[in-house]
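Observations on chain architecture
Okay, here's what each chain looks like letter by letter:
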Amino acid sequence: SLATVRSRLESRATFLVEKDFMNDRLTTRVLVIRSLNDGDGLTQAKLSYEFRSQITLSFGLDFFDGTHEGLFGEFRDANRITFDIEVGF
């Protein structure tokens, strides 16, 4: 079996857009991470809603792309949907 050898230096570019609505109770966020070495990447989108002062509900999507040799591309068949409930006390 052949082992994948990664470069000692991994260069990435990131881009983040975040916007609040409804007096900061609703937040949209998109984060894009691109590997400059392999051309693969990750895009994360998240929508969070402060239901009550101590409870936040979030829905997110993670998309991986690229070839299987890349740091992110190896997960390209593992895109996911997330749902979080955050309770503070």
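These notes cover the structure that comes with them. Note that the structure is predicted; figures quoted are calculated from it, not measured. (Residues numbered from 1 in each chain as written. Predicted model: local features only at pLDDT ≥ 70, side-chain atom pairs only at ≥ 80, totals over all residues. Heavy atoms only, no water.)

Structural notes on the overall build of the chain
We count it as follows: Numbering goes from the N terminus for both helices and strands, where a helix is a DSSP run of H or I of at least four residues and a strand is a run of E of at least two. Exposed residues in this analysis have more than 50% of their type's maximum accessible area, buried residues have under 20%, and partly exposed residues fall in between, with area computed by a 1.4 Å probe over protein chains only. Residue contacts follow a heavy-atom distance rule, with two residues in contact if any of their heavy atoms lie within 4.5 Å. To measure how exposed things are, a 1.4 Å probe is used in the Shrake-Rupley method; for residues, cover is taken only from the protein chains shown. Positive: Lys, Arg. Negative: Asp, Glu. His and the chain ends are not part of the count. Where a charge lies is defined by one atom per residue type, namely NZ (Lys), CZ (Arg), CG (Asp) and CD (Glu).
In terms of helices and strands, the chain carries 0 helices and 5 strands. Along the chain, helices (α) and strands (β) appear in the sequence β-β-β-β-β when read from the amino end. Relative to its full complement of 89 residues, the chain shows a buried share of 18%. For the chain, long-range pairs separated by at least 24 residues make up 33% of all intrachain contacts whose partners lie at least 6 apart in sequence. As presented, the chain carries roughly 6800 Å² of accessible surface, and 56% of it is formed by carbon and sulfur atoms. The averaged location of the 14 negative side-chain charges in the chain is 2 Å from the averaged location of its 11 positive side-chain charges.

Let's talk about the pattern of salt bridges
Counted only if it meets this: Note on definitions: salt bridges are taken to be side-chain nitrogens of Lys or Arg within 4 Å of carboxyl oxygens of Asp or Glu.
Applying the stated criterion to the full structure yields 4 salt bridges. Of the charged contacts in the structure, one is a salt bridge between R34 and D65, with a shortest N-O distance of 3.0 Å. Here the residue R34 occupies a position in strand β2 (residues 26-35), and D65 occupies one in strand β4 (residues 55-65), the gap between them amounting to 31 residues.

Regarding the pairing of β2
Quick note on the threshold: Strands are treated as partners if at least two bridges between them are detected by DSSP.
Relative to β2, strand β1 (residues 12-21) runs antiparallel, the two sharing 10 bridges. Along β2, the bridge assignment pairs F15 with V32. What sits between the antiparallel neighbours β1 and β2 is a turn of 4 residues, in which M22 has the positive phi angle 50 degrees. Here β2 hands over to strand β3 (residues 41-52) after 5 residues, with G39 in that stretch at a positive phi of 75 degrees.

Here we look at the sheet that holds β4
Put simply, the rule reads: Note on method: axes are straight lines fitted to C-alpha atoms, helices fitted across the in-contact stretch only, with angles between N-to-C directions ranging 0 to 180 degrees.
The sheet built from 5 strands is open, its strands ordered β1-β2-β3-β4-β5 with antiparallel pairing. At either margin of the open sheet sits one strand with a lone partner, and together these are β1 and β5 (80-87). Taken pair by pair, the neighbouring strands of this sheet meet at an average axis angle of 15 degrees, ignoring direction. Where β2 meets β3, 9 bridges bridge the pair, whose relative direction is antiparallel. Residue R34 lies in a different strand from β3, and its bridge partner there is G41.

Section: the nonpolar core
Heads up, the rule is: We define the nonpolar core as a collection of buried residues of types Ala, Val, Leu, Ile, Met, Phe, Trp, Tyr and Cys that are connected through side-chain atoms lying within 4.5 Å of one another.
Formed by L31, I33, L42, F64 and F72, the largest nonpolar core amounts to 5 residues. Sequence-distant contacts of L42, that is, excluding residues within four places in its chain, are made with L31, V32, I33, D62, F63, F64, D65 and F72.

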